[in-house]
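# Structure assessment
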Protein chains: 2
Amino acid sequence: MTFSDVTLDVSGERFQVTYWISGSDAAEARKNARDLCLEQTVELSDSMVPDGDLRDIIVGQIENSQEIDSDLYEFVISYAIEITGFELANLISVIFGNTSMKRGVRVLRAEFPESLLKHFPGPRFGTAGIRQRLGVPHRPLLGTALKPLGYSAERLAESAYQYALGGIDIIKDDHGLCNQKFAPFRERTRQSAAAVNRANEETGGQSIYVPNISGPVDEVVERALFAKEVGAGGVELFSGIVGYDFLRVLAEDDRLDLPIFHHPALLGTYFLNPREGLSSQFLLGQLVRLAGADATIFTGHGGRFPATREDSQRLALSASQPMGPMKPILPMPGGGMTIDSVGDMLDLYGNDVVLLVSGGLYSLGPDLVANCQLFREKVDQYSSAWE
Amino acid sequence: MTFSDVTLDVSGERFQVTYWISGSDAAEARKNARDLCLEQTVELSDSMVPDGDLRDIIVGQIENSQEIDSDLYEFVISYAIEITGFELANLISVIFGNTSMKRGVRVLRAEFPESLLKHFPGPRFGTAGIRQRLGVPHRPLLGTALKPLGYSAERLAESAYQYALGGIDIIKDDHGLCNQKFAPFRERTRQSAAAVNRANEETGGQSIYVPNISGPVDEVVERALFAKEVGAGGVELFSGIVGYDFLRVLAEDDRLDLPIFHHPALLGTYFLNPREGLSSQFLLGQLVRLAGADATIFTGHGGRFPATREDSQRLALSASQPMGPMKPILPMPGGGMTIDSVGDMLDLYGNDVVLLVSGGLYSLGPDLVANCQLFREKVDQYSSAWE
């Protein structure tokens, strides 16, 4: 019993994914690459695939390869754009769905033609849109996280007020704040948004509060709209838990019309091992941008998480480099940053960045507002060249 | 500037997570474990946490530890049930959200008290419910995957018909079939469900067609209900892409009332490295069961994917062992299985299993119906003891 061929009506357009594939030598790596081409498409062994369109169009095609190390090879593999169905879940699955369960394969990056990208709305705001909302055209942006879990909505709102008074542009929830009874989502969002807006009235600033709307999938959109209603200036989502495609749904929603800050909760495992999984450049740069995030939070080089300078830079670059009609988005490095890292971070990322400092603000002195002002001064000092 | 303590009204109930944590010696591993307790909760350094309820209730607590190897230690860490907000996304984030971005930590398994489990509906059908729907009270169940991507809905439906005639109980979509123009979701589901039901009328059997409903998050529920409407007998979902909590939403939906088959697309990276990520036992056993899956598809030992016998067995056990009110669910090992593996698989899993053989059915001979019957005979031969 064999499969028969089909005649397919397709555009001929293909997108390309660059993988690192391990193998004891070039021949084995190539065999592994060919297996991947089959696994990610027809899920049949090579001998079962009939000649014709199934083999030539549906199956992934090796376009290019080069040796990286004696046991590691880079392959560029192309897929017909139509096999994604132009749906995000399907696109992700084509790139790495089943192969995630095999050893020795890593997705480095992808190249999507406009014929594919046009099916996705992408970021609504991007870097320029967020800058406009915040009234900050050039300088690096300041971000922080409301914490800790266990505090009441009142206490968190009081901190949010002080952050805004001190000049922090983006005040987001610590990702651990969801909908616990200590500070339930609605109460926390209402109070913190009001506190930040009250500070804005006093300072003339345009700081925003960004609540974490990650929660039950049947409440995500509702929480986002509630946030908007009570005066929040953006929403934070961990799409790797809640569902990547929620970025698209939120970006497309005209009722919401708020920037989306993507948090990488649970996603670290994908990029920790340099020879397996998904690179942070692909996952937190390209993919969340394609899906619709306006800013991408990540654990940057120099904090308490492992991240090389090169990885952080590549991620930030992929957030901003040309990608068809997709707007550039803001890299938002965090995870143990202090104001002493400001200079290094600006060296690394340039001015289109949100510097996320949270715990580090508390160690500077007894007055939170003054500490935020110190952070701002530090940024101004290093970034005066851009003003 | 320091944090002040809070007085918290909590039940005192805690859930426990068993981690493997690396460290050059016991002291370093313990320090890493303590860092995890802070990272997953207050996201503050130890010195910033005031004495009192924040430190004693909110921060994770090390309950137990033992050496596994000179550089690897097992820690049992407990968390207050209230910090999950009793929402799945939050629960997942508490267990591994930020720590996923650190090296040398693996979640092995969790123990949830009934006080936490009662907030989740869990599987609607489970093993017993699926067996009842299929009219198969005891013997191992037979499963296969419709393929390949590129075939039209008509051709796929013709295969589905033959599978059902041949006695396959569960005929699911290959996970690559989503909503491509070659065989759009609605057309494929309508035709394949009708084909399987037509075969059932001829044979008196109760085979089911299980379409892959993974797609845009704002269409998942709609696709599930469509599947139900046109006579499908279950739905397949990759929750690791679409969103884990969709398992709950689908399980809770009285309009749907169909078993959910969980597919592990994209999730392999979590369990490949034995010292990092999430064990398959936790992710594809405990977590998807808690969330509401009735059957858990995985790449089993003996196929074309790497999986040790022990890992496969642990996963299958965690699908069935006592877990508060949660029904046992069906393990569904696949990924390159052939009918020659039937004996080994039944040895490994017992009779409460779905044996997933797909490509392997084609190599047996020119007649697909006859090949399915061979598969069934093989199962009957090995499993006669259970009848």
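What counts and how
Residues numbered from 1 in each chain as written. Chains lettered and ligands numbered in written order. Predicted model: local features only at pLDDT ≥ 70, side-chain atom pairs only at ≥ 80, totals over all residues. Heavy atoms only, no water. Helix = DSSP H or I, 4+ residues; strand = E, 2+ residues; numbered from the N terminus. Rg over C-alpha atoms; globule rule 2.2 N^0.38 Å. Contact = heavy atoms within 4.5 Å. Areas by Shrake-Rupley, 256 points an atom, 1.4 Å probe, with all protein chains shown as cover. Least-squares fit on C-alpha atoms with pLDDT ≥ 70 in both. Pairing = 2+ DSSP bridges. Axes fitted to C-alpha atoms, helices over the stretch in contact; angles between N-to-C directions. Buried area = accessible area lost by both parts, 1.4 Å probe. Salt bridge = Lys/Arg side-chain N within 4 Å of Asp/Glu carboxyl O. Polar contact = N/O pair within 3.5 Å; in protein donor to acceptor, adjacent residues only side chain to side chain. Phe/Tyr/Trp six-rings, centres within 6.5 Å; stacked < 30°, edge-to-face > 60°. Buried < 20%, exposed > 50% of the residue type's maximum accessible area, 1.4 Å probe, protein only. Lys NZ or Arg CZ within 6 Å of the ring centre and 35° of its normal. Arc of directions from axis to C-beta. pLDDT = per-residue confidence, 0-100. Expected span 1.5 Å × (residues − 1).

## Some remarks on the overall build of chain A
- Of the regular secondary structure elements, chain A holds 16 helices and 13 strands.
- Whereas a compact globule of 387 residues would reach a radius of gyration of roughly 21 Å, chain A reaches 22 Å, a difference of no more than 12%.
- Principal-axis analysis of the C-alpha atoms places the extent of chain A at approximately 75 × 40 × 35 Å.
- For chain A, the proportion of contacts with a sequence separation of at least 24, taken over those separated by at least 6, is 75%.
- In the structure as shown, chain A presents an accessible area of about 12,700 Å², 46% of it carried by carbon and sulfur atoms.

## Regarding the relation of the copies chain B and chain A
- Between chain B and chain A, which share one sequence, the superposing operator has a rotation angle of 180° and an axial displacement of 0.0 Å; the RMSD is 0.0 Å. Within this description, the copies of the chain are treated as partners about a two-fold rotation axis. Closest approach to the rotation axis within chain B is made by the C-alpha atom of B:G243, at a distance of 1.9 Å.

## Brief notes about the sheet that holds strand 7 (residues 208-210) of chain B
Residue and element names in this part refer to chain B.
- One open sheet holds the 4 strands; their spatial order is 7-6-5-13, and the pairing between them is parallel. Two strands close off the open sheet at either side, each with one partner strand: strand 7 and strand 13 (354-356). Strand after strand, the sheet turns through a mean of 25° between neighbouring axes, direction not considered.
- Here helix 6 (residues 153-165) sits on the sheet in contact with strand 5 (141-146) and strand 6 (170-173), set at roughly 165° to strand 5.

## A look at the interface of chain B and chain A
- Of the residues lining the interface, 88 residues belong to chain B; the matching set on chain A comes to 88 residues.
- Overall, the association of chain B and chain A removes approximately 7,600 Å² of surface from exposure, summing both partners, and the carbon and sulfur fraction of that is 62%.
- Seen at the junction of chain B and chain A, the total is 8 salt bridges.
- The interface formed by chain B and chain A includes 44 residue pairs in polar contact (both at pLDDT 80 or more).
- Of all elements in the fold, only helix 2 (53-58), helix 3 (88-96), helix 9 (239-242), helix 10 (246-252), helix 11 (268-272), strand 10 (277-278), helix 15 (359-362) and helix 16 (368-383) of chain B reach the threshold of two or more residues within the side of chain B that touches chain A.

## Points about the environment of B:V379
Residue and element names in this part refer to chain B.
- In this fold, V379 is placed in helix 16.
- Expressed as a C-alpha distance, the spacing of V379 and G167, which sit 212 residues apart in the sequence, is 11 Å.
- Not counting chain neighbours up to four residues away, the residues in contact with V379 comprise P140, L142, V342, L346 and L355.

## Quick look at the packing of aromatic side chains
- Inspection of every chain in the model, using the stated rule, returns 16 aromatic pairs over all chains.
- Taking the centre distance of 5.4 Å and the plane angle of 35° together, the rings of B:F15 and B:Y79 count as tilted. Remark: B:Y79 occurs in strand 3 (residues 72-80) and B:F15 occurs in strand 1 (residues 14-22); sequence separation between them is 64 residues.
- The exposure class of B:F15 is buried, given its relative accessible area of 0%.
- Its relative accessible area of 0% is what places B:Y79 among the buried residues.
- Joined through ring pairs, the aromatic side chains of A:F3, B:Y151, B:Y163 and B:Y362 make up one cluster.
- Lying over the aromatic face of A:Y151, A:R155 brings its terminal NZ or CZ to 5.0 Å of the ring centre.
- The ring of B:F185 carries B:R223 above its face, with NZ or CZ at 5.4 Å from the centroid.

## Considering helix 8 (residues 220-229) of chain A
- Those residues of helix 8 of chain A that sit buried are A:V220, A:R223, A:A224, A:F226 and A:A227. Taken down its axis, helix 8 of chain A places every buried residue within 160° of arc, on the same side.

## A closer look at the pattern of salt bridges
Residue and element names in this part refer to chain A.
- In the structure shown here, the tally under the stated rule is 58 salt bridges over all chains.
- Notably, a salt bridge pairs K378 with D340, separated by 4.0 Å at the nearest N-O pair. Of the two residues, K378 is situated in helix 16 (residues 368-383) and D340 in the loop between strand 12 (330-334) and helix 14 (342-349); the sequence distance between them amounts to 38 residues.
- Note on D340: relative accessible area 63%, which makes it exposed.
- Three or more residues are tied together by salt bridges with common partners; here these are R34, D46, D51 and R55.

## So, the confidence of the model for chain A
- Mean pLDDT over chain A works out to 96, with 99% of the residues at or above the 70 mark.
- Among the prediction metrics, the complex's ipTM stands at 0.97, with pTM recorded as 0.97.

## A closer look at the sheet that holds strand 9 (residues 260-262) of chain B
All names here are of chain B.
- As summarised here, the arrangement of the 4 strands in space is 8-9-11-12, forming an open sheet in which the pairing is parallel. Each edge of the open sheet is held by one strand with a lone partner, namely strand 8 (235-237) and strand 12 (330-334). Taken over all neighbouring pairs, the strand axes of this sheet differ in orientation by 25° on average, direction set aside.
- In the sheet, strand 8 pairs with strand 9 via 3 bridges, with the strands oriented parallel. If you follow L237 over to strand 9, its bridge partner there is H262.

## Thoughts on helix 6 (residues 153-165) of chain A
All names here are of chain A.
- For helix 6, which comprises 13 residues, the first-to-last C-alpha distance of 18 Å matches the rise-based estimate of 18 Å (1.5 Å per residue) to within 8%.
- The complete set of buried residues in helix 6 reads A153, L156, A157, S159, A160, Y161, Y163 and A164.
- Taken together, the buried residues of helix 6 touch strand 5 (141-146), strand 6 (170-173), helix 7 (185-203), helix 15 (359-362) and helix 16.
- Just downstream of helix 6 lies G167, where phi reads positive at about 95°.

## Some points on the pairing of strand 3 (residues 72-80) of chain A
Residue and element names in this part refer to chain A.
- When you tally the buried positions in strand 3, you get 9 out of 9 residues, the bulk of the element.
- Neither face of strand 3 is left uncovered, since the one carrying L72, E74, V76, S78 and A80 and the one carrying Y73, F75, I77 and Y79 both have all their residues buried.
- The pairing of strand 1 (residues 14-22) with strand 3 spans 9 bridges and is classified as antiparallel. Among the inter-strand pairings, Q16 is bridged to a residue of strand 3, identified as S78.
- Judged from the 7 bridges that link them, strand 2 (residues 61-69) and strand 3 form a sheet pairing that is antiparallel.

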